[in-house]
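# Analysis of the macromolecular model
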Amino acid sequence: MGTPVSPQRLATITRRQQTCSRPSRRSTSRPWPVARPRRNHRQWRRAIRGRSEFLRAVVRRAASIRPKMIPHPNTTAGLLCARWYSSGGGLLKGIKSCCMAGLVEEIQRDALNPGVGVSTLLRKVKLAAVKLQLPAIEAWVEAELNGYVENLPAYRKFQGIPKAFNPLRGWIGIQATAEVYEKISETTTYQSVAQIEDLLSDKTETTFQTPMNRNLVDALNSGMRVQFPQMSVFVGRSDLAGVLDNVRNMVLGR
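Residues numbered from 1 in each chain as written. Predicted model: local features only at pLDDT ≥ 70, side-chain atom pairs only at ≥ 80, totals over all residues. Heavy atoms only, no water.

### Structural notes on the overall build of the chain
Counting secondary structure elements, the chain contains nine helices and six strands. Expressed as a percentage of its 254 residues, the buried residues of the chain come to 31%. When contacts within the chain are restricted to residue pairs at least 6 apart in sequence, long-range pairs at least 24 apart make up 61% of them. Carbon and sulfur atoms make up 54% of the accessible area of the chain, which amounts to about 17,900 Å² in all. (Helix = DSSP H or I, 4+ residues; strand = E, 2+ residues; numbered from the N terminus. Buried < 20%, exposed > 50% of the residue type's maximum accessible area, 1.4 Å probe, protein only. Contact = heavy atoms within 4.5 Å. Areas by Shrake-Rupley, 256 points an atom, 1.4 Å probe, with all protein chains shown as cover.)

The structure is reproduced here in structure tokens:
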């Protein structure tokens with residue numbers, strides 16, 4: 001015969017047995033809700049500051065291996081590189097990402113520096129485009145460095161002054177109707193950036209000429225009393241300088 005138990009004691013024992021028989025959190029697909037302490041603004045600020053310090057420490061670690069190719073930890077590029085590494089990309093991928101971010105920042109600085117040649121700037125852009133696998137930008141850089149064959153951009157088209165060469169008086173203006181004059185005054189440049197830079201290196205030259213097509217020259221001479229074997233369209237120095245300036249702006253925009 002067992003020991004008598006009071007009804008209150010029996011209810012307590014039954015409640016404990018029911019509590020112990022509940023399924024564990026790991027054995028069910030719907031875990032029991034866990035109350036998490038809410039953070040105030042000071043705790044959130046402290047957590048964010050700790051995360052930033054960790055990211056900067058990762059960049060410093062990468063910089064100790066390749067110090068010249070890693071951006072400064074306090075810069076945005078440095079934090080991006082650290083996030084790449086901390087997200088599971090690995091130290092080697094983190095270093096590559098840091099190097100690319102540093103190259104992009106260097107390209108931006110060179111684009112804003114008038115002392116850096118546009119051809120030098122485009123070579124760095126080509127390197128970044130190859131590394132980042134950007135075929136459209138790579139094709140554009142190739143055309144600017146080697147000269148265009150087709151698909152000429154709008155900033156390489158000008159409105160110049162058409163002139164004919166007179167053996168006695170030199171270069172003289174061509175007289176034509178407004179419609180014809182507008183058409184023959186259009187000219188383009190397919191030259192590479194390096195060639196344009198070489199033309200602009202001579203500060204004494206203020207105008208540059210583009211010879212007209214031979215068929216166009218013959219068509220113009222057919223309506224004139226005096227035949228001029230040589231005709232060209234003259235453009236100003238600022239027109240060619242505008243090509244280089246547009247290239248710089250496109251590098252910053254891309």
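### Concerning the packing of aromatic side chains
On inspection of all chains with the given rule, the structure shows two aromatic pairs. Judged by centre distance (5.3 Å) and plane angle (65°), the ring pair of Phe165 and Trp171 falls under edge-to-face. Overall, the relative accessible area of 31% leaves Phe165 in the partly exposed class. On the numbers, 5.1 Å between centres and 75° between planes, the contact of Trp171 with Phe234 is edge-to-face. Of this pair, Trp171 sits in strand E3 (residues 170-173) while Phe234 sits in strand E6 (residues 231-236), placing them 63 residues apart in sequence. (Phe/Tyr/Trp six-rings, centres within 6.5 Å; stacked < 30°, edge-to-face > 60°.)

### Focus on the nonpolar core
Counting 28 residues, the largest nonpolar core has Ile107, Leu122, Trp140, Val141 and Val251 as its most contacted members. Looking at this core, the elements that each hand over two or more residues are helix H3 (76-112), helix H4 (118-132), helix H5 (135-146), helix H7 (193-200) and helix H9 (237-253). Ranked by the residues each element gives to this core, the list is headed by H4, at six residues. Ile174, Ile184, Met212 and Leu220 belong to the second largest nonpolar core, which has ten residues in total. (Core = buried A, V, L, I, M, F, W, Y, C linked by side-chain atoms within 4.5 Å.)

### Looking at the sheet that holds E3
Strand order in the open sheet formed by four strands is E3-E2-E6-E5, and the pairing between neighbours is antiparallel. Among the strands making up the open sheet, the edge pair consists of E3 and strand E5 (207-211). Averaged over all pairs of adjacent strands, the angle between strand axes in this sheet comes to 40°, irrespective of strand direction. One ladder, built from four bridges, connects strand E2 (residues 161-166) with E6; its direction is antiparallel. Paired with Pro162 across the strands is Val233, a residue of E6. (Pairing = 2+ DSSP bridges. Axes fitted to C-alpha atoms, helices over the stretch in contact; angles between N-to-C directions.)

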